[in-house]
Amino acid sequence: MATQWFKNAVIYSIDVDTFRDGNGDGIGDFVGLRQALSYLAGLGVTCIWLLPFYPSPDRDNGYDITDYLSVNPALGDLGDFAEFMDEAANRGIRVIIDLVVNHTSNQHPWFKAAQRRHPQYYSYYVWRKEKPPDTKDQVVFPGRQSGVWQYSRIAKAYYFHRFYEYQPDLNTANPAVRTEIKKIIGFWLALGVSGFRVDAAPFVIAQKGSEVEKQPHESFDYINEFRECLSWKRGDAVFLAEANVAPDQMLQFFGERGDRMNMALNFFVNPHLFLAIANESPEPLVRSLLQIPTIPKDSQWAYFLRNHDELDLSRLTELEQARCFEVFGPEKNMQLYGRGIRRRLAPMFGGNVQRQMLAYSLIFTIPGTPVIWYGEEIGMGDDLSQSERNSVRSPMQWSAETNAGFSGAPAKKLRRPVIDCGPFDYRSVNVQAERRDPTSLLNRLERMIRTRKEYPEFACGKYRLLESSRPDAIFAHACEDAGGNAVVAVHNLSHKAVGARVRLWTGKLNQAAFLFGGKDDAAIDAKELQIDLEGYGHNWIRLKSNGTSVRRNRRVKSHGSH
Ligand code: NOJ
Ligand code: CA
C-alpha cells in the first residue's frame with residue numbers, strides 16, 4: 001500500500017494570479033510560480049493547493065469556470081503548467097488543485113448551449129418553469145444574492161444557482177454530468193496532480209431542483225463514484241473536501257470505510273479555535289474537539305487558520321460570534337455576510353508574532369494536516385478597500401522593491417494593488433526582510449514545519465487531551481504512535497506567563513526533551529510534567545523513558561496508527 005503522504009503533509013494554498021508574475025504583465029502566472037518553488041521548498045512545504053487557474057471571467061476569483069480542461073491564458077498555457085509540475089516534482093512537492101464542479105460560469109459553452117435548450121446540455125443544469133418562491137434564506141452570500149433561482153430570458157426558465165447568479169449549478173444527478181466530472185479528474189491526474197480540493201462538496205451532492213427547499217437530500221454515492229475513479233487512476237491521489245457541515249454530518253463525507261473524501265477541512269474546530277484565542281481560554285477549542293467524530297483510520301482532517309474566504313463564524317452561537325467580532329473584527333468593514341471576518345491573521349492579532357505562532361502550533365499539533373494560505377507565513381496584512389473576500393488576496397510580498405517584488409509592471413496594471421501603507425506595508429513585511437531576521441515569523445514557522453515533519457506522531461498518532469493544573473489557560477495534548485513514541489504539545493492561551501503541571505497518562509515516559517525554547521531535558525516525576533510558558537507561549541515536548549527502551553521510528557506508517 002502506498003504511503004499516506006497526505007497525513008504528514010504541509011499544504012500551502014496559492015492563488016496563481018497574485019503570487020508571482022513571471023512575464024511582467026502585472027498578473028501572477030505559472031512561470032512566476034515555477035521560479036518561486038525554491039522558496040516553497042525552503043519553507044518546507046510538501047504540497048501546493050492551487051486555487052482555480054482555469055479560463056474564467058474571474059467574477060468569483062476563478063471559481064466561475066468556462067473551461068475545465070485548460071489554463072487561463074493570463075496565467076500561461078498547459079505547457080507552462082506542465083513545466084511547473086515538473087519542477088515541483090523535482091523538488092518533491094506535490095500539487096493538488098481545486099475541483100469546482102458544483103457550478104460553472106454562465107459563460108461556459110455548456111450553459112450557453114443549455115440556455116438555447118440544446119438536447120444534451122439543457123439537462124446539465126437545473127431548471128424550473130414556474131416562478132420560484134422566496135429563497136432569500138438559502139443563499140450562500142447574504143446581501144449579495146437575492147435568491148437561488150435566476151430567470152434566463154433565452155431559456156425562458158429559471159436556473160438554480162447556490163452561489164452568485166452567474167454560477168449556474170450543474171445537475172450532478174445527471175449521469176452525463178458525472179461522466180464529465182470524471183473526465184476532468186482523469187485529465188489533471190494525467191498531468192501529474194496528486195488530488196483535488198473539492199469545492200462546495202455538500203452542494204455537489206445535494207439534491208438540486210424545484211423541490212430543493214422542501215426536502216434536502218444528499219447523494220453520497222456520487223462521492224464514492226468519483227473516489228473510485230480517482231483511486232483507480234492514481235492510487236495515492238486524494239480528495240480534500242470543502243465541507244462546512246455540522247459535526248454529526250462529517251463522517252458521511254469520509255464514508256464509514258474511508259471510501260469517500262480522504263481529507264476534509266475542519267470548519268467546525270476553526271471558529272472555535274479563534275474563539276479560544278479571543279477568550280484566552282482553551283475551553284471552546286476542547287469543546288469542539290470533543291464534538292467532532294472519530295474518523296476512519298485512512299482519513300485525515302485538514303486544519304487551517306485563515307484561507308482565501310472570510311473567517312466563517314456561523315458554527316458559533318450568536319454570543320460567541322459577537323465575541324469574535326469584538327476582538328478580531330470590530331469594524332463593519334472587517335465583517336462580511338453577517339457571519340464572517342474578512343481579515344488576514346496578522347492584523348487580527350495586532351501583528352503579534354508570538355500569538356500567531358501559538359495559533360500555528362495549535363494547527364500543527366492537533367492531529368490533522370496543516371494548510372497555510374500564501375502570505376500568512378510572513379504575516380501579511382489585508383486590504384479592506386477591496387470588495388468582499390478580495391481583502392485577503394493582495395499580491396505576495398517578496399521584497400521591498402517596487403510592487404513588493406511581485407511584478408515589474410506599472411502599479412496600475414497589477415491584478416490587485418499591493419499593500420503599501422500601515423503596519424503591514426510591503427516595505428516592512430516581506431520575504432526578503434524576514435529571511436534576514438532569525439526571530440521573524442517566517443523563520444520561526446520554517447523551524448516549526450521542519451519539526452512537525454520530524455514528528456509524524458502529530459500527523460497520525462493516537463491523541464489524548466491532557467489535564468493540567470491551569471485548565472483556564474493551558475491547552476495540552478499528547479500524540480503517541482504504535483511504537484510508543486510520544487510527543488506533547490502545550491499552549492498558553494493567556495497573555496500572562498504561566499507555570500503549570502501537566503498530567504501524563506503513563507509513568508514509563510519519564511524524561512522530557514523540549515523541542516523549542518531554551519530549556520534543557522528534564523526528568524518527569526510522578527507523571528507530572530512541569531511547564532513554564534510565557535504569555536501566548538507554546539512548546540512541544542518529546543517524551544522518552546529514562547532507559548533506552550523506546551525506539552523511535554521516524555517513518556509514517558502506511559496503515560496509520562490510530
Ligand atoms: C467556495 C470557495 O472557497 C469560494 O471562494 C467560492 O466563492 C465558492 N466556493 C463558490 O465556488
Ligand atoms: Ca504574468
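About the criteria used
Within each chain, residues carry numbers counting from 1 in the order of the written sequence. In the order they appear in the text, chains get letters beginning with A and ligands get numbers beginning with 1. Selection of residues for local features in this predicted model requires a pLDDT of at least 70, selection of side-chain atom pairs for listing and counting requires 80 or more, and totals for whole chains, interfaces and linings are taken over all residues. The basis for every side-chain value is the complete set of heavy atoms in the structure, and neither hydrogens nor water enter the calculation. Any N, O or S atom lying within 2.8 Å of the metal counts as a donor, and for Na, K and Ca the limit rises to 3.2 Å; water is left out, so some sites can look incomplete. The helix and strand labels rest on DSSP assignments: H or I over at least four residues marks a helix, E over at least two residues marks a strand, and numbering proceeds from the N terminus. Throughout, exposure labels follow a simple rule: accessible area from a 1.4 Å probe, protein chains only, divided by the maximum for the residue type, with under 20% read as buried, over 50% as exposed, and the rest as partly exposed. Helix span, expected: 1.5 Å multiplied by one less than the number of residues in the helix. Contact criterion: two residues are considered in contact whenever any of their non-hydrogen atoms come within 4.5 Å of each other. Identification of polar contacts relies on pairs of N or O atoms within 3.5 Å, with a donor-acceptor requirement for protein atoms, meaning one able to donate a hydrogen and the other able to accept it, and with residues adjacent in sequence counted only if both atoms are side-chain atoms. A pocket here means an open set of points on a 1 Å grid, computed over the protein atoms alone, that has protein on both sides within 12 Å along at least five of seven lines. A cavity is instead a set of points where a 1.4 Å probe fits but cannot get out; residues with an atom within 4 Å of a point line either one. Grid points are joined across faces, edges and corners, and a volume is the space filled by probe spheres set on the points. Ten residues, namely Ala, Val, Leu, Ile, Met, Phe, Trp, Tyr, Cys and Pro, are considered nonpolar, four, namely Asp, Glu, Lys and Arg, are considered charged, and the remaining ones, Gly among them, are considered polar. Residues enter a nonpolar core if they are buried and are Ala, Val, Leu, Ile, Met, Phe, Trp, Tyr or Cys, with the set joined through side-chain atoms within 4.5 Å. When DSSP locates at least two bridges between a pair of strands, those strands are taken to pair. Every axis in this analysis is a line fitted to C-alpha atoms, fitted for helices over the stretch in contact. Angles between the N-to-C directions lie between 0 and 180 degrees. Here a residue is near a molecule or strand as soon as one of its heavy atoms is found within 4 Å of it. Calculation of accessible area relied on Shrake-Rupley with a 1.4 Å probe; when residues are assessed, cover is drawn exclusively from the protein chains displayed. What decides whether a molecule sits in a cavity or pocket is whether more than half of its atoms lie within 2 Å of the grid points.

This paragraph deals with the coordination of the calcium ion (ligand 2). Listed as protein donors to the calcium ion (ligand 2) are Asp 21 (OD), Asn 23 (OD1), Asp 25 (OD), Ile 27 (O) and Asp 29 (OD); their distances from the metal cover 2.2 to 2.4 Å. In primary-sequence terms, the residues that donate to the calcium ion (ligand 2) follow D-x1-N-x1-D-x1-I-x1-D.

A few words now on unusual backbone geometry. Here the phi dihedral of Asn 403 falls at roughly 55 degrees; this positive angle occurs in a residue that is not glycine. Structurally, the position occupied by Asn 403 is in the loop between strand S14 (369-373) and helix H14 (431-436). Here Asn 403 falls in the buried class, since its relative accessible area comes to 5%. A positive phi angle is found at Lys 527, which is not glycine, with a value near 60 degrees. You can see Lys 527 is positioned in the loop between strand S20 (522-523) and strand S21 (528-533).

Here the focus is helix H5 (residues 175-190). If you check H5, its first and last C-alpha atoms are 22 Å apart, about what 16 residues at 1.5 Å a residue would give, namely 22 Å. All of the buried residues along H5 are Val 177, Arg 178, Glu 180, Ile 181, Ile 184, Ile 185, Gly 186, Trp 188 and Leu 189. Buried residues in H5 make contact with helix H3 (78-90), strand S3 (94-99), helix H4 (109-115), strand S7 (195-198), helix H7 (221-233) and strand S8 (238-241). The residue sitting at the N-terminus of H5 and contributing the capping side-chain oxygen is Asn 174; that oxygen lies 2.8 Å from the backbone nitrogen of Ala 176.

Bringing empty space enclosed by the protein into the picture now. Tallied over the entire structure, the rule returns five cavities of 30 Å³ or more. The volume enclosed by the largest cavity comes to roughly 80 Å³. For the lining of the largest cavity, the elements supplying multiple residues, two or more each, are helix H6 (201-204) and H7. Classifying every residue of the lining of the largest cavity by side-chain character gives ten nonpolar, no polar and no charged.

Looking now at the nonpolar core. Core analysis: the biggest nonpolar cluster contains 156 residues, and Tyr 12, Leu 50 and Phe 53 have the highest contact counts within it. If you look at the next biggest cluster of nonpolar residues, it comprises 21 residues, including Leu 466, Ala 486, Leu 504 and Leu 509.

Here the focus is the sheet that holds S8. Judged by pairing direction, the barrel is parallel, and its eight strands sit side by side in the order S1-S2-S3-S7-S8-S9-S10-S14 before closing back on the first. Along the sheet, successive strands turn relative to each other by an average axial angle of 25 degrees, direction set aside. Relative to strand S2 (residues 47-50), strand S1 (residues 11-14) runs parallel, the two being bridged by four bridges. Of the residues in S2, the one forming a bridge with Ser 13 is Trp 49.

Let us now look at the site of ligand 1. With respect to spatial proximity, the complete set of residues near ligand 1 consists of Asp 60, Tyr 63, His 103, Phe 141, Phe 163, Arg 197, Asp 199, Glu 242, His 308, Asp 309, Arg 389 and Arg 393. The side chain of Asp 199 places a nitrogen or oxygen atom 2.8 Å from a nitrogen atom of ligand 1. Within the side chain of His 308, a nitrogen or oxygen atom sits 2.7 Å from an oxygen atom of ligand 1. Look at ligand 1: alone it shows 300 Å² of surface, and the protein chains cover 98% of it. Taking a 2 Å distance to the grid points as the criterion, the majority of the atoms of ligand 1 fall inside the largest pocket. For the shell around ligand 1, the per-class residue count stands at three nonpolar, two polar and seven charged.

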